[in-house]
Amino acid sequence: AIIEFGQQTTGMGVCFIELTHVSITIVTNDVAKIFCALFYDREDGVIFGRLVCSEILNAFTQEYSSDLTQFGRNLKDFHGFHRKINNVVKLSAK
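So, here is what we can say about the structure in this document. Small disclaimer: the values here were computed from a predicted structure and weren't measured.

Summarising the element assignment, Thr 25 is placed in strand β2 (residues 22–29). A distance of 2.7 Å separates a polar atom in the side chain of Thr 25 from a polar atom in the side chain of Tyr 40. Beyond its immediate sequence surroundings of up to four residues, Thr 25 is in contact with Cys 15, Phe 16, Cys 36, Ala 37, Leu 38, Tyr 40, Val 46, Gly 49, Arg 50 and Cys 53.

Sheet strands line up and pair through hydrogen bonds in the backbone, either parallel or antiparallel. One open sheet holds the three strands; their spatial order is β1-β2-β3, and the pairing between them is antiparallel. The open sheet has two free edges, formed respectively by β1 (16–18) and β3 (34–41), since each of these has just one partner strand. Going from strand to strand, the sheet's axes swing by 15 degrees on average, the running direction of each strand aside. In this structure, β1 lies alongside β2, joined through three bridges in antiparallel fashion. Across the sheet, residue Glu 18 finds its bridge partner in β2, namely Ser 23. The sheet strands contacting helix α2 (residues 46–64) are β1, β2 and β3, and the helix crosses β3 at an angle near 140 degrees.

Positive phi, normally seen in glycine, also occurs at Lys 33, with a value near 60 degrees. Residue placement: Lys 33 occurs in the loop between β2 and β3. Relative accessible area serves as the criterion here: at 63%, Lys 33 is assigned to the exposed category.

One finds Leu 38, Ile 56, Phe 60 and Phe 81 to be the most contacted residues of the largest nonpolar core, which totals 16 residues. The set of elements that each furnish at least two residues to this core consists of β3 and α2.

Parameters at a glance
- Residues numbered from 1 in each chain as written.
- Predicted model: local features only at pLDDT ≥ 70, side-chain atom pairs only at ≥ 80, totals over all residues.
- Heavy atoms only, no water.
- Helix = DSSP H or I, 4+ residues; strand = E, 2+ residues; numbered from the N terminus.
- Polar contact = N/O pair within 3.5 Å; in protein donor to acceptor, adjacent residues only side chain to side chain.
- Contact = heavy atoms within 4.5 Å.
- Pairing = 2+ DSSP bridges.
- Axes fitted to C-alpha atoms, helices over the stretch in contact; angles between N-to-C directions.
- Buried < 20%, exposed > 50% of the residue type's maximum accessible area, 1.4 Å probe, protein only.
- Core = buried A, V, L, I, M, F, W, Y, C linked by side-chain atoms within 4.5 Å.

If you want it as structure tokens, here you go:
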């Protein structure tokens, strides 16, 4: 809802939100019509959040690119991806 609200009110999508102790980075893939929202410690910084969020979204898109064009998909189809997130984060730090 916040992505749509930002788009409607400003003509731009929301990509970063900073709260007292938590930051949220949102990266979108307009072609696949999906996004990744990453919640992380505010002290880690916006550059870190954008990097990790982008890498997670890229890995997800690569893994499920053929499935993303089908609407009405079952979220259980993507269940195995959670096992890959740890490795994606480790590789993004290199």
